[in-house]
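Descriptive structure summary
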Protein chains: 4
Amino acid sequence: MIISMKPGATQAQIDRVCTRIQEMDFQVRSIQGDERVVIAAVGLGDVMHAIGVLRSVEGVENGVPISAPYKLVSKQVKSGRTVVQVGGASVGGDAFGVIAGPCSVETEEQIMACAAAVAGSGAQFLRGGAYKPRTSPYSFQGLEEEGLKLLRKAADAYGLYIVTEVMTVTNVQLVAHYADVLQIGARNVQNFPLLKAIGSATKCPVMLKRGQSATIKEFLLSAEYIVTNGNPNVILCERGIRTFESATRNTLDINAVPVLNELTHLPVILDPAHATGQRSLIPPLVRAAIAVGADGVMVEIHPDPERAWSDGAQSMTFDQFAKTMDEIQPYLQLWRAGRPELACVPA
Amino acid sequence: MIISMKPGATQAQIDRVCTRIQEMDFQVRSIQGDERVVIAAVGLGDVMHAIGVLRSVEGVENGVPISAPYKLVSKQVKSGRTVVQVGGASVGGDAFGVIAGPCSVETEEQIMACAAAVAGSGAQFLRGGAYKPRTSPYSFQGLEEEGLKLLRKAADAYGLYIVTEVMTVTNVQLVAHYADVLQIGARNVQNFPLLKAIGSATKCPVMLKRGQSATIKEFLLSAEYIVTNGNPNVILCERGIRTFESATRNTLDINAVPVLNELTHLPVILDPAHATGQRSLIPPLVRAAIAVGADGVMVEIHPDPERAWSDGAQSMTFDQFAKTMDEIQPYLQLWRAGRPELACVPA
Amino acid sequence: MIISMKPGATQAQIDRVCTRIQEMDFQVRSIQGDERVVIAAVGLGDVMHAIGVLRSVEGVENGVPISAPYKLVSKQVKSGRTVVQVGGASVGGDAFGVIAGPCSVETEEQIMACAAAVAGSGAQFLRGGAYKPRTSPYSFQGLEEEGLKLLRKAADAYGLYIVTEVMTVTNVQLVAHYADVLQIGARNVQNFPLLKAIGSATKCPVMLKRGQSATIKEFLLSAEYIVTNGNPNVILCERGIRTFESATRNTLDINAVPVLNELTHLPVILDPAHATGQRSLIPPLVRAAIAVGADGVMVEIHPDPERAWSDGAQSMTFDQFAKTMDEIQPYLQLWRAGRPELACVPA
Amino acid sequence: MIISMKPGATQAQIDRVCTRIQEMDFQVRSIQGDERVVIAAVGLGDVMHAIGVLRSVEGVENGVPISAPYKLVSKQVKSGRTVVQVGGASVGGDAFGVIAGPCSVETEEQIMACAAAVAGSGAQFLRGGAYKPRTSPYSFQGLEEEGLKLLRKAADAYGLYIVTEVMTVTNVQLVAHYADVLQIGARNVQNFPLLKAIGSATKCPVMLKRGQSATIKEFLLSAEYIVTNGNPNVILCERGIRTFESATRNTLDINAVPVLNELTHLPVILDPAHATGQRSLIPPLVRAAIAVGADGVMVEIHPDPERAWSDGAQSMTFDQFAKTMDEIQPYLQLWRAGRPELACVPA
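Figured I'd write up the structure that's included with this text. From a predicted model like this one, the values you see are computed outputs, not experimental measurements.

Definitions and limits used
- Residues numbered from 1 in each chain as written.
- Chains lettered and ligands numbered in written order.
- Predicted model: local features only at pLDDT ≥ 70, side-chain atom pairs only at ≥ 80, totals over all residues.
- Heavy atoms only, no water.
- Helix = DSSP H or I, 4+ residues; strand = E, 2+ residues; numbered from the N terminus.
- Contact = heavy atoms within 4.5 Å.
- Areas by Shrake-Rupley, 256 points an atom, 1.4 Å probe, with all protein chains shown as cover.
- Lys, Arg positive; Asp, Glu negative; His and termini not counted.
- Charge placed at Lys NZ, Arg CZ, Asp CG, Glu CD.
- Buried < 20%, exposed > 50% of the residue type's maximum accessible area, 1.4 Å probe, protein only.
- Buried area = accessible area lost by both parts, 1.4 Å probe.
- Salt bridge = Lys/Arg side-chain N within 4 Å of Asp/Glu carboxyl O.
- Least-squares fit on C-alpha atoms with pLDDT ≥ 70 in both.
- Pairing = 2+ DSSP bridges.
- Right-handed = clockwise from strand over helix to strand, strands pointing away.
- Axes fitted to C-alpha atoms, helices over the stretch in contact; angles between N-to-C directions.
- Expected span 1.5 Å × (residues − 1).
- Parallel < 35°, antiparallel > 145°, perpendicular 65-115°, else oblique.
- Left-handed = near helix turned anticlockwise from the far one by under 90°.
- Nonpolar A, V, L, I, M, F, W, Y, C, P; charged D, E, K, R; others polar.
- Polar contact = N/O pair within 3.5 Å; in protein donor to acceptor, adjacent residues only side chain to side chain.
- Phe/Tyr/Trp six-rings, centres within 6.5 Å; stacked < 30°, edge-to-face > 60°.
- Lys NZ or Arg CZ within 6 Å of the ring centre and 35° of its normal.
- 1 Å grid on protein atoms, 1.4 Å probe; cavity = no way out; pocket = protein on both sides within 12 Å on 5 of 7 lines; lining within 4 Å.
- Points joined across faces, edges and corners; volume = space filled by probe spheres on them.

1. So, the overall build of chain A
In terms of helices and strands, chain A carries twelve helices and 14 strands. Taken along the three principal axes of its C-alpha coordinates, chain A extends 75 × 45 × 40 Å. Counted over contacts in chain A with a minimum sequence separation of 6, partners at least 24 positions apart contribute 69%. Accessible area of chain A: about 11300 Å², with a carbon and sulfur share of 51%. Taking the average location of the 31 positive side-chain charges in chain A and that of its 34 negative ones, the two points are 2 Å from each other.

Quick look at the structure:
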């Protein structure tokens, strides 16, 4: 890290900064400058904490970290890309992952119909919520374990893998019993007890959704919580960030795909349903997700979106979904052809 | 709610909207308009869900709710203001609440010194984190139950009430055993299992912090989760929202105080430490909090901020805190004088 | 527009709202409701103003517009799509527009080299700033008319059309004398005197960049200023909005492309250089722009980006640009194949 | 500035960075580090440009400026505070400035009534728009010079000073002929030709409003444009920034007051009318503005807000304004008592 002192900082102030640096497990490497002193330090201490503290020491003007605060998820510790295996399928490898299904599991009939549509389109992953985080306490909260059972039945009937959300530490084992991929929702991106539990208690693949206001750095630190606690099978999912624009439910941060591809070896998928909240906007964004080099997409489908128990506005009908899956085939061909190159991140 | 159809919407489309409205437990009250049809509906259904669904029905242009989605926390169900009793003290009543203490409980010596400083300044609430939500897994995570014990000891020694964070459902009973006010942190504002557990399992007063990207409506819905599950003793805390401005850690949304005073009967306090991240900015914002009509403030203090284990940059020294508490006395006098009027919210 | 009254609003309050509605050139069409009265009104008045006023009238709870505040740029007044002709080329029609060139015109040698690179790649539009809006007064401000002359010379030498910025009313005629497309920069998206002048004084095609914090509605209203003053040749350019994310210079709002395609008949292009600020991120976003259905892209190139007088970090080298133009050819083929369908906006 | 190289950067890359640094008018002061090289440089070049360029040079990981990019507006070049004299009144000195008046000048009767109310309350500044920047081309655009004449007449009749907006370079002399303080609106905060013209063509005091998405650094650079072009009489006005929160028109960034007081010697006022858009929220925010240490406030008043031609929802009635002015007197007493201390900014 680099600490710059205010012009006219005294020697006593500089000495104090150096003492604090050492107390926090860093070594001072150089002290430079005439009118404005700049101190460089390296070490194994907690750099985010140290910068915060040092900024408040008298005589200090600014402090900046040099190395990133995450480690295990960083390109710098693993040069290849992580391919997350989910049974016989994978995300991050040679196949573009398509995850589709209803927002919520509602009935056996509904989830079986969805599974049939997913399998029919050639996708391999069935999504569906059994535990639903809802903004209002008066909205439908999910079928809970009953929903997980229906999901498993439907997935097994059609040879699909399940992606479903776990909302709390006490349910990790239960959900992992039924699911193939554990989803951590956007609202839980900084639910650290949950991240730790999923890191330490299971090796089940995890799809971590970016929070509405999580920076890319914070998003990677949340992934780091999972990996450093023992579970390396993390898929990152950008699902729209909160901005001033109200024409769409959120703003899809498509920049995040190439940025993450430069910073991390973990696979990255996009969720255009939550990023827009509007069914008609999804097909063009699925095409964009492929073209920008994402590893997959997640979309919502429903046999009768106008009667969906949640998120109907952003759920595609089966026909729309099938049409979209057809339309993207030539884009997927280009994606596959470009795959070796995408894997080599530019210097 | 009001649903407006696109110009040229067909009768079949209008009929379909009316059917959907009824299916979702609303009654159509009127259908109006020549070139552009507008449908009004009332009822007890889930209005947020219904608007979402109806916006996706063919022929619909827009849908807007009329009544707020929260109920129990709303001014419309309770005309007076809620005063949250905390032992012999209270928040929301005649006294301006000052909550002060370190970011984290570190050692017995540290928390005892803080408690002495808090009591010496005339404040009644001691804060201190035993379970710490930290962005990085490599940062200090709190002393856990040991921290709670130290906190209780310090509070008891100086006749103070404790405000401390609970991060997960499994810890609610444990933290409530030691604490006087349970804090729900900004990152957990939409941790719905936690909100439900705190609503149903305890009557212990709760301080709910606004999330970095929670709208005021979402913030109130999170409070509604607690109240509707059985615990009416909720204090709201605005602590800065995430914006593009990087000169401060967050942007204090001071507008939220008069807005919340118009919408809800719950008390509202401000946290200028997390809203700025910078010690020197806190005293003027404490004055502003009093003048704008907040019910209290929360600040961080530390015997030696440069050696704090967390949040040192925004922690005041004991001298700064004592000086600030002195300086605000004439403002508090005006606050008390204006109290009867503040209680009457303008039409 | 729809005005909803608070529960318990008096008849006098309702009458007063109706009077105000009529004073502002609207007609009341219906007054509905028992516990909560809802008033619908139509007319030719200024709806944004009227809603603002009515929200402040005693007894009113909320007011919402139904029709969009823009007219001429709306799909509702023109069903086909606008194709902006620029000499023998066009934007919005059958060809994907590629605008490339340096951030600033620096020297004859530089701009001639850029023009050669642009023409060599098959693109038809040369960009380059002669008047530069710079955040700091101490940064290079552009060569002014001398820059325009160099730009014209370079464009003519290679058969290209010029896109260049005009910053102030007093320069419109001068810039229009040299340019083929007048660029209105992001900072001037609400410089209304400039919008009016460009609307009334010239028919020269205009590329209007979205402001960093302009909503899509405001962006369209700014376009409306130009069109309603007499110049229908407007190209919209999304170039990144300002959000909390600091990993990139701005956040590309790619959602805006399909949203604008539903709302307006004007062509829409993307500027991934300003939206990211980072050269390495541009190629994947150019691919995404094509796939999402934009009408073109604008990128920055420079013979020696590290020595560019402005925006070097986001300027591609000629080699990178040529490589990118090669790589996108199969995507452009899909774009052209999908063009008839893209033109039909979903209901 | 400090440039940090990636781990493993080659000597050739380091040499190249040093060459670029020198080409941009900086001197390399030190090159440090073993696994990760850090280069410090000082000089008189354009630091914002240099950082931008260097970040794109191969082998560079990051670059950070150390000194602020603005100079003349900085505390570092002028230790005392700027008091802007406006005739016999001032802003930034011993008196808290209150600027009040209608959004737009509408009629002689209206502006005379407003002036009487302003003078009657003890305020010294009359605001009123004659040139109005309106989001929609179909909204009222102002009375232009006729409005300026009415404003002058009203101000002279009641011994007030005028604050009014100038929107374009061609009108600077005309508006300055009538006005005592030239307002630069939020939408023009980066209209650099206008800033330069107001800097070079007049010494008339200027009130510069912060843009909706201007960072504090950008805001100060815009002020720098005016000062470095010759006009040192700049008053800064924070008027709300654009965030995700939609309960209010904008979010008042009250943090900006103490932050600006640490960075600049220029006076800072707040505009709670535009920051909230809602009349009932203004009185508490005026109190907060005083308590936080602002140099003044600007508010909107109207004889009949429901019939205002613009901004009626945020305009106070004369009664509300008079009541607010009464209520703030004890706060103003505290403000005056604290003035000497406020003038000394904390280290």
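2. So, the environment of Ala115 of chain A
Residues and elements named next belong to chain A. Counting through the fold element by element, Ala115 comes out in helix 3 (residues 108-121). According to the relative accessible area criterion, Ala115 is buried, its value standing at 0%. Residues in contact with Ala115, not counting those within four places in the same chain, are Leu126, Ala154, Tyr158 and Leu160.

3. Observations concerning the interface of chain A and chain B
Contacts between the two partners involve 52 residues from chain A and, on the opposite side, 52 residues from chain B. In this assembly, chain A packs against chain B so that about 4400 Å² is buried in total across both faces, 48% of it on carbon and sulfur atoms. By the criterion of area lost to chain B, the three top residues of chain A are Thr135, Tyr138 and Glu306 of chain A, representing 17% of everything that side buries. For the pair chain A and chain B, the number of links is eight salt bridges.

4. Some thoughts on helix 6 (residues 192-201) of chain D
Residue and element names in this part refer to chain D. Of all ten residues in helix 6, seven are buried; the element is thus mostly enclosed. Residues of helix 6 that are buried: Phe192, Pro193, Leu194, Leu195, Ala197, Ile198 and Gly199. Residues of helix 6 that are buried in the fold lie against helix 5 (172-178), strand 10 (181-184), strand 11 (206-209) and helix 7 (216-228).

5. Remarks on the relation of the copies chain B and chain D
For the match of chain B to chain D, the screw axis carries a shift of 0.0 Å, the RMSD comes to 0.0 Å, and the turn is 180 degrees. Such a combination of rotation and displacement between the chain copies is what one expects of a two-fold axis. Considering only C-alpha atoms, the residue of chain B closest to the rotation axis is Ala288 of chain B, which sits at 2.2 Å. Taken together, the interface assignments show that 100% of the residues at the interface of chain B recur at the interface of chain D, consistent with an identical surface on both copies.

6. As for the relation of the copies chain A and chain B
For the pair chain A and chain B, the relating rotation is 180 degrees, the translation along its axis is 0.0 Å, and the fit reaches an RMSD of 0.0 Å. When you check the interface residues of chain A against chain B, 100% turn up at the interface there too, and the contact is symmetric in its surfaces.

7. Points about the pairing of strand 9 (residues 161-165) of chain D
Put simply, side chains in a regular strand alternate between the two faces of the sheet. All names here are of chain D. The element strand 9 is largely enclosed, with a buried count of four among its five residues. Summarising the sheet, strand 8 (residues 125-127) and strand 9 pair through three bridges and their orientation is parallel. If you follow Leu126 over to strand 9, its bridge partner there is Ile162. In this view, the connection linking strand 8 to its parallel neighbour strand 9 by way of helix 4 (residues 145-158) has right-handed handedness. Taken together, the three bridges between strand 9 and strand 10 define a ladder with parallel strand orientation.

8. As for the sheet that holds strand 4 (residues 60-64) of chain D
Residues and elements named next belong to chain D. With antiparallel pairing, the four strands of this open sheet are ordered in space as 2-3-1-4. Every interior strand has two partners, whereas the edge strands, strand 2 (26-32) and strand 4, have only one. Going from strand to strand, the sheet's axes swing by 20 degrees on average, the running direction of each strand aside. As judged from the six bridges shared by strand 2 and strand 3 (residues 38-43), these two strands associate in the antiparallel manner. Its bridge partner lying in strand 3, Ser30 is registered against Ala40. Where helix 1 (residues 11-23) meets the sheet, it contacts strand 1 (2-5), strand 2, strand 3 and strand 4, and its direction lies at approximately 155 degrees from that of strand 2. Strands in contact with helix 2 (residues 47-55) are strand 1, strand 2 and strand 4; relative to strand 4, the strand with the most contacts, it is inclined by about 170 degrees.

9. A short note on helix 7 (residues 216-228) of chain C
Residues and elements named next belong to chain C. Its 13 residues place the ends of helix 7 18 Å apart at the C-alpha level, agreeing with the 18 Å of an ideal helix rising 1.5 Å per residue. The element helix 7 is extensively covered by neighbouring structure, given that eleven of its 13 residues are classed as buried. The complete set of buried residues in helix 7 reads Ile216, Glu218, Phe219, Leu220, Leu221, Ser222, Ala223, Glu224, Tyr225, Ile226 and Val227. Where helix 7 is buried, its residues contact helix 2 (47-55), strand 10 (181-184), helix 6 (192-201), strand 11 (206-209), strand 12 (234-238) and helix 8 (256-263). Backbone geometry just downstream of helix 7 places Gly230 in the positive-phi region, at approximately 125 degrees.

10. Details of the sheet that holds strand 4 (residues 60-64) of chain A
Residue and element names in this part refer to chain A. Here four strands make up an open sheet; going across it, the order is 2-3-1-4 and the pairing antiparallel. Bordering the open sheet on either side are strand 2 (26-32) and strand 4, each of which pairs with just one other strand. This sheet shows a mean twist of 20 degrees between the axes of neighbouring strands, independent of strand direction. Lying over the sheet, helix 1 (residues 11-23) contacts strand 1 (2-5), strand 2, strand 3 (38-43) and strand 4, oriented at roughly 155 degrees with respect to strand 2.

11. Details of the packing of helix 7 of chain C against helix 8 of chain C
Residues and elements named next belong to chain C. Axis separation between helix 7 and helix 8 bottoms out at 11 Å; the angle between their running directions is 55 degrees. Put simply, helix 7 runs oblique to helix 8. When the axes of helix 7 and helix 8 are compared, the crossing they make is right-handed. Contacts between helix 7 and helix 8 pair Ile216, Phe219 and Leu220 from the former with Ala256, Val259, Leu260 and Leu263 from the latter. Residue composition of the contact of helix 7 with helix 8, grouped by class: seven nonpolar, no polar and no charged.

12. Description of the side chain of Arg210 of chain B
Its place among the elements puts Arg210 of chain B in the loop between strand 11 (206-209) and helix 7 (216-228). At 2.9 Å, the side chain of Arg210 of chain B forms a polar contact with the side chain of Asp253 of chain B.

13. Examining the interface of chain B and chain D
Taken together, the 43 residues of chain B in the interface contact 43 residues of chain D. Note on chain B versus chain D: buried area summed over both sides is about 3200 Å², and carbon and sulfur give 64% of it. Contact with chain D buries area across many residues of chain B, yet Phe244, Asn255 and Leu334 of chain B alone supply 19% of it, more than any other trio. Its salt-bridge partner being Glu245 of chain D, residue Arg210 of chain B comes within 2.7 Å of it at the nearest N-O pair. Our count for the chain B to chain D interface comes out at 16 residue pairs in polar contact (both at pLDDT 80 or more). Those elements that provide at least two residues to the side of chain B that touches chain D are helix 8 (256-263), helix 9 (272-276), helix 10 (282-292), helix 11 (318-327) and helix 12 (329-343) of chain B. Considered class by class, the residues forming the side of chain B that touches chain D number 22 nonpolar, twelve polar and nine charged.

14. Concerning the packing of aromatic side chains
Scanning the model with the defined rule gives 18 aromatic pairs over all chains in all. Taking 4.6 Å as the distance between ring centres and 25 degrees as the angle between the ring planes, the aromatic pair formed by Phe192 of chain C and Tyr225 of chain C counts as stacked. Remark: Tyr225 of chain C occurs in helix 7 and Phe192 of chain C occurs in helix 6; sequence separation between them is 33 residues. Residue Phe192 of chain C is classed as buried on the basis of its relative accessible area of 1%. For Tyr225 of chain C, a relative accessible area of 1% puts it in the buried group. Seen from their ring centres, Phe140 of chain D and Trp309 of chain D are 5.0 Å apart, and the 85 degrees between their planes marks the pair as edge-to-face. Within this pair, whereas Phe140 of chain D is found in the loop between strand 8 and helix 4, its partner Trp309 of chain D is found in the loop between strand 14 (296-300) and helix 11 (318-327), the two being separated by 169 residues in sequence. Above the ring of Tyr138 of chain C, the side-chain terminus of Lys71 of chain D is found at 4.7 Å from the ring centroid.

15. Here's the deal with empty space enclosed by the protein
For the structure shown, the criterion picks out 16 cavities of 30 Å³ or more. The wall of the largest cavity is formed by 16 residues, among which Thr243 and Phe244 of chain A, Thr243 of chain C together with Arg242 and Thr243 of chain D lie closest to the centre. A breakdown of the residues in the lining of the largest cavity according to their chemical character gives four nonpolar, eight polar and four charged.

16. Re unusual backbone geometry
Positive phi outside glycine occurs at Asp25 of chain B, with the angle close to 70 degrees. Structurally, Asp25 of chain B can be placed in the loop between helix 1 (11-23) and strand 2 (26-32). Here Asp25 of chain B falls in the exposed class, since its relative accessible area comes to 53%. Residues other than glycine seldom take positive phi values, yet Asp311 of chain D does so here, at roughly 55 degrees. With respect to the secondary-structure elements, Asp311 of chain D resides in the loop between strand 14 and helix 11. Accessibility expressed as a relative area gives 18% for Asp311 of chain D, which makes it buried.

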